[in-house]
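Fold and contact review
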Amino acid sequence: VVGALSLFFVHKPKFDFDLTGALGPGDFPIIRGAIDDAISNLIRDNAQLPNRQVVLLDKSGNVDESLVMYPFPQAMAFVTLVKVGNVEEKDGLFGFGGGSDVYVKLKVNQEEIKTIIKEDVAEGASAEFNQRFDYILDEPIDQVLQACVLDKDLVGSDDTLGDASFNFSTIANDEDVMLDLEGSKAKSYITFYVQCMLLSPWHPIVSPQTDRSGSALPSYLLAVRLGNIYDLPTWAAAGDPTYMAAITVGDQKKSTTEAGYQLQETAEGEAVVHALPASQRQYRFPLMKVEDEEVTIDVTSRAGGGGQPANVGAYQLRLDNIRSRDDMSLRDRFALDSGIEMDFHFALFGLVPKETAA
């Protein structure tokens, strides 16, 4: 039985359209470009991973719509940008070489990261980076890393030295990936070292892994999803407040936005703060170990007129209590230290090396 449909684009789609036929407004490049950008941005913000649209087919309440909208991830990838080789010179002037100030923009879905800048790289030489970037891969695992190599300029826009991409589903664990840069006049190339790890909730045998430099990789991933808040006292429900939650695991801390919750009342008059999609999405924490680690959730509220946040309550849980369960998952209504209750969903995954390409 299908209870819901999850609709999304893995990559940003391209459009070809004709609004009215000959000499219509869509035939002018500026107008056509603006329309294309508006449509693309609308889809990106609403239906390109990690964003999704959910069609709920089962109206009985048995389907958790938020879990369909924000499912648990499938894998983690640890990508070391090794180098850009045979660099093309872009900063020369009147035939005199000036080298290139090389950096790379890496993009997976909507997450874009810029590397450090390697200055004065001579023509034909290599820009050595050896910089690692960690990615949590949502469903499906068939996702692409896009690399754009640029030369940093002090004046004007930066020069593009070339582009390259690869699909994570084609990469085995511990694999060197060398790609020619498209658009490069100097036959430049880019080299990565990629380690793909699958996420398993079924008590996998987790062995410590290291990257190429010898630095330790995470062995676990904790996903935390926040739900409704119940049994609010009068002081916590007065003044049209907004609610926030901060989740802390070790030295990692992530917070919801103030727009993440909405105060409502049940037919019986009970004050209930309903979690909106912004707060129901998962908060994810890569972990080196689970032993002796705890997750702490602090909930605060702020009156509609502003002012300092007021403490609503806190909850603390040892991660060993999650790992001891059959599927390393714990989902229930928990009492904060103030007595106020809140829905939490904790899920723990072990990282297992991906031995062969999918």
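Residues numbered from 1 in each chain as written. Predicted model: local features only at pLDDT ≥ 70, side-chain atom pairs only at ≥ 80, totals over all residues. Heavy atoms only, no water.

1. Points about helix 1 (residues 29-47)
Look at helix 1: 26 Å from first C-alpha to last across 19 residues, which is about the 27 Å you get at 1.5 Å a residue. For helix 1, every residue scored as buried is listed here: S40, I43 and A47. Buried residues of helix 1, viewed axially, fall in a sector of 75°; they line one side. Exposed positions of helix 1 whose direction lies more than 90 degrees from the buried face are I30 and L42. Buried residues in helix 1 make contact with strand 2 (53-56). (Helix = DSSP H or I, 4+ residues; strand = E, 2+ residues; numbered from the N terminus. Expected span 1.5 Å × (residues − 1). Buried < 20%, exposed > 50% of the residue type's maximum accessible area, 1.4 Å probe, protein only. Arc of directions from axis to C-beta. Contact = heavy atoms within 4.5 Å.)

2. Details of the side chain of T191
Turning to its location among the elements, T191 is positioned in strand 11 (residues 189-200). When its relative accessible area of 11% is taken as the criterion, T191 is described as buried. What T191 contacts, discounting residues up to four positions off in sequence, is T80, L81, V82, K83, V177 and M178.

3. Thoughts on the pattern of salt bridges
For the coordinates displayed, the defined rule picks out 12 salt bridges. One salt bridge in this structure joins D134 and R132, with 2.9 Å as the shortest N-O distance. What makes D134 partly exposed here is its relative accessible area of 31%. Two residues, D158 and K152, come together in a salt bridge whose shortest N-O distance is 3.8 Å. Through salt bridges that share partners, E291, D292, R318, D320 and R323 make up one connected network. (Salt bridge = Lys/Arg side-chain N within 4 Å of Asp/Glu carboxyl O.)

4. Comments concerning a nonpolar patch on the surface
A surface patch of nonpolar side chains, about 410 Å² in accessible area, is lined by V2, L5, L7, V55 and L57. If you trace the backbone, L7 turns up in strand 1 (residues 4-7). Note on L7: relative accessible area 45%, which makes it partly exposed. (Patch = residues over 30% accessible without salt bridge, like charges linked within 9 Å, V, L, I, M, F, W, Y side chains within 5 Å. Areas by Shrake-Rupley, 256 points an atom, 1.4 Å probe, with all protein chains shown as cover.)

5. Examining the packing of aromatic side chains
Inspection of every chain in the model, using the stated rule, returns 9 aromatic pairs. Joined through ring pairs, the aromatic side chains of Y135, F166, F168 and F192 make up one cluster. In this structure, R212 packs its charged tip against the face of Y193, placed 4.0 Å from the ring centre. The residue whose ring lies beneath K254 is F285, and the NZ or CZ to ring-centre distance is 5.0 Å. (Phe/Tyr/Trp six-rings, centres within 6.5 Å; stacked < 30°, edge-to-face > 60°. Lys NZ or Arg CZ within 6 Å of the ring centre and 35° of its normal.)

6. A short note on the sheet that holds strand 13 (residues 242-249)
One open sheet accounts for 4 strands, arranged 14-13-18-19; its pairing is antiparallel. The sheet is open, and its two edges are formed by strand 14 (252-255) and strand 19 (310-318), each paired on a single side. The mean angle between the axes of side-by-side strands here comes to 15°, regardless of whether they run parallel or antiparallel. Bridging between strand 13 and strand 18 (residues 294-302) involves 8 bridges; their strand directions are antiparallel. Considered in strand 18, the bridge of A245 is made with V299. (Pairing = 2+ DSSP bridges. Axes fitted to C-alpha atoms, helices over the stretch in contact; angles between N-to-C directions.)

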